[in-house]
Amino acid sequence: MRAINGSVVVFVLAMLVFGGAPELRAADCDVVYRLWQNGQNQFFQYGEDVVLGVGEEGHLYIHYKSRSKNPYSSSANIGAPRDFGVGGHQAKDIARVLKVGHHDARRGKIELKAVAAGRTGFGYRITKLADPGQLADVPANCRTGQVKITVEQRTSRSVAPPPPSASSQGEAAHELITGLFTGILRRSPAQAKDYPNNFYDRVESGGLTGLIFVAETMTTSTEFRSAALDRTRNALKRSGVATDRLSPGVLQDQLLTDMCQSLYGGEPDSVIRRQMSGNLASCLDRRDTTACKRLGRDLVSQRHYYENNRDLLRHWQGTRR
């Protein structure tokens, strides 16, 4: 019996030494990673890999949910994972994959450039939140963590310039807004053309930031909570599916699938999908306005959205981060 217990102790110690403590699940920490590149933001959820191609560069920010309008919501020290006790990589290991630039702890930012294919990451420690947030708002086990980074050697290819008939910035704003109406509210293309003037002004001046505002407004609207599921059900009926016995959960799952297909042209990562599904259920079942707003923000903040609308969003590549 002692031998068995001793083996268990040795095994546990080995796991702690070589594997580290088990990571928190994505839902346990409201930490988000923001990658700024060429005037555009990509958002990665807690625990999700940041993926780059060799030669790409950008600014990586650590964020915690905040009630502040300050875009730099968290101050954070960022460096080698080993220095923060969250992984084995040292600065020399990071240097094999990334060239590290300026570190601005006040803004929770570090500059980087991908120089070789491989996997590495940064450790971080959140030290402050922008007003009115307080560090006490962040659970102790969420203040320190690791951003995992994968650098891929992608096949180089020339990108053709947009044709002369490509949309102007105003036309791009209009197309992006109508895309949100059809994608999120499930309106018909004809109905999607009727939208408030302030939506257009927001998107034309702010690009992705304006689109996030529009998406949040949509998902918190009465129209979304009352009509989106009905429109999904009617679409299924038109396709020949018997919908009489479909549960609300099945319809919600179909609604999310339809939204992702419309906005991304496919499915997001499984972790992101689960998070969106939870927010959608809370929004529709419990009328949780916070979850509704979070759903709208997350739908547009994903890199999948940027990649699917790259040509339209290029008009705002020079906007301030």
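The structure reproduced in this document is the subject of the present report. Nothing here was measured: the structure is a model prediction, and the numbers come from that model. (Residues numbered from 1 in each chain as written. Predicted model: local features only at pLDDT ≥ 70, side-chain atom pairs only at ≥ 80, totals over all residues. Heavy atoms only, no water.)

1. Some points on the sheet that holds strand β3 (residues 50-53)
- If you walk across this open sheet you meet the four strands as β3-β9-β8-β5, and the pairing is mixed. Edge positions in the open sheet fall to β3 and β5 (74-79), since each of these has one partner strand only. Averaged over all neighbouring strand pairs, the angle between strand axes comes to 35 degrees, with direction disregarded.
- Across eight bridges, strand β8 (residues 118-129) lies against strand β9 (residues 144-152) in antiparallel orientation. In the sheet register, arginine 125 faces β9, and the bridge partner there is threonine 144. (Pairing = 2+ DSSP bridges. Helix = DSSP H or I, 4+ residues; strand = E, 2+ residues; numbered from the N terminus. Axes fitted to C-alpha atoms, helices over the stretch in contact; angles between N-to-C directions.)

2. Things to note about the sheet that holds strand β7 (residues 109-114)
- Taken together, the five strands give an open sheet; going across it, the order is β2-β1-β4-β7-β6, and neighbouring strands pair in antiparallel fashion. The open sheet has two edge strands with one neighbour each: β2 (40-45) and β6 (98-104). Each adjacent strand pair in this sheet contributes to an overall mean axis angle of 25 degrees, direction not counted.
- Summarising the sheet, strand β4 (residues 57-64) and β7 pair through five bridges and their orientation is antiparallel.

3. Remarks on the pattern of salt bridges
- All told, the structure shown has 13 salt bridges when counted by the stated rule.
- Among the ionic pairs, lysine 109 bridges to glutamate 111, the shortest N-O distance being 3.7 Å.
- Residue class for glutamate 111 comes out partly exposed when judged on its relative accessible area of 25%.
- One connected set of salt bridges, linked through shared partners, spans Glu48, Asp269 and Arg303. (Salt bridge = Lys/Arg side-chain N within 4 Å of Asp/Glu carboxyl O. Buried < 20%, exposed > 50% of the residue type's maximum accessible area, 1.4 Å probe, protein only.)

4. Things to note about the nonpolar core
- Core analysis: the largest hydrophobic core is formed by 43 residues, its most contacted members being Leu180, Ile184, Leu211, Phe224 and Tyr305.
- Those residues in contact with phenylalanine 224, other than ones at most four positions away along the chain, are Ile184, Leu185, Met218, Thr219, Leu255, Met259, Leu280, Cys283, Leu284 and Leu295.
- Residues Tyr33, Tyr46, Tyr64 and Leu112 belong to the second largest nonpolar core, which totals 29 residues. (Core = buried A, V, L, I, M, F, W, Y, C linked by side-chain atoms within 4.5 Å. Contact = heavy atoms within 4.5 Å.)

5. Considerations on the side chain of asparagine 309
- For asparagine 309, the location among the structural elements is in the loop between α11 (303-308) and α12 (310-313).
- According to the relative accessible area criterion, asparagine 309 is buried, its value standing at 13%.
- Polar contacts involving the side chain of asparagine 309 include one to the main-chain carbonyl oxygen of tyrosine 305, which spans 2.9 Å.
- In this view, asparagine 309 contacts Leu176 and Leu263; residues no more than four positions away in its chain are not counted. (Polar contact = N/O pair within 3.5 Å; in protein donor to acceptor, adjacent residues only side chain to side chain.)

6. Details of the state of the cysteines
- One pass over the structure, following the stated rule, counts two disulfides.
- Between the sulfur of cysteine 283 and that of cysteine 292 lies a disulfide, 2.0 Å long from S to S. Between cysteine 283 and cysteine 292 the disulfide shows an S-S torsion of about 95 degrees. By sign, it is right-handed.
- The buried category is assigned to cysteine 283, whose relative accessible area is 0%.
- With relative accessibility at 0%, the residue cysteine 292 sits in the buried group.
- Taken N- to C-terminal, the disulfide-bonded cysteines of the protein chain are connected 1-2, 3-4. (Disulfide = S-S within 2.5 Å.)

Treat this as a map of the structure, not an account of what it does.
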